[in-house]
Amino acid sequence: AVFVQLAPEATATRYAAVLAARGDTEAGRREAGRAAQAQAVTNRMAQADFAARLQALDLGHAEIYRIHRAANGLAIRVRPDQLSVLRSLPGVRSVE
């Protein structure tokens, strides 16, 4: 199994960046929360697009799980000879 990290930043990373920029105040935390919610939507859409591309390629993969908070990506089971295909897909940051 491999983890495919997608380009949009993780939800927690977005929250931390906004909080650092706006300050750890009530208003800063609210703004960071809104930014994190928007990032979660962006990440879910990126994951859905990536999953659709995989289906179209018919690699015979198996999706294990998706995450968007601590990292943004999908764990999948795929043959080792297909890793270069995964790395070449748009929006892929890394394949580990």
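Keep in mind the model is a prediction, meaning the values are calculated, not measured.

1. A look at the nonpolar core
Okay, so step 1: Among the nonpolar cores identified, the biggest contains 14 residues, and Val2, Val4, Phe50, Ile76 and Leu86 are the most heavily contacted of them.
Okay, so step 2: Secondary-structure elements contributing two or more residues to this core are strand E1 (2-6), helix H2 (26-57), strand E3 (73-77), helix H3 (83-88) and strand E4 (92-95).
Okay, so step 3: Of all the elements, E1 adds the most residues to this core, at three residues.
Okay, so step 4: The contact partners of valine 2, leaving out residues within four places of it in the chain, are Leu74, Ala75, Ile76, Val78, Leu83, Leu86, Val95 and Glu96.

2. Considerations on the packing of helix H1 (residues 11-22) against H2
Each pair of packed helices can be described by the angle between their axes along with the distance between the axes.
Okay, so step 1: Here H1 crosses H2 at 150 degrees, and the two axes come no closer than 8 Å. Overall, the two elements H1 and H2 adopt an arrangement that is roughly antiparallel. Like other packed secondary-structure pairs, H1 and H2 cross with a definite hand, here right-handed. Across the interface between the two elements, Thr11, Arg14, Tyr15, Val18, Leu19 and Arg22 of H1 pack against Gly28, Arg29, Glu31, Ala32, Gly33, Ala35, Ala36, Gln39, Ala40 and Asn43 of H2.
Okay, so step 2: Partitioning the contact of H1 with H2 into residue classes produces seven nonpolar, five polar and four charged.

Conventions used here
- Residues numbered from 1 in each chain as written.
- Predicted model: local features only at pLDDT ≥ 70, side-chain atom pairs only at ≥ 80, totals over all residues.
- Heavy atoms only, no water.
- Core = buried A, V, L, I, M, F, W, Y, C linked by side-chain atoms within 4.5 Å.
- Buried < 20%, exposed > 50% of the residue type's maximum accessible area, 1.4 Å probe, protein only.
- Helix = DSSP H or I, 4+ residues; strand = E, 2+ residues; numbered from the N terminus.
- Contact = heavy atoms within 4.5 Å.
- Axes fitted to C-alpha atoms, helices over the stretch in contact; angles between N-to-C directions.
- Parallel < 35°, antiparallel > 145°, perpendicular 65-115°, else oblique.
- Left-handed = near helix turned anticlockwise from the far one by under 90°.
- Nonpolar A, V, L, I, M, F, W, Y, C, P; charged D, E, K, R; others polar.

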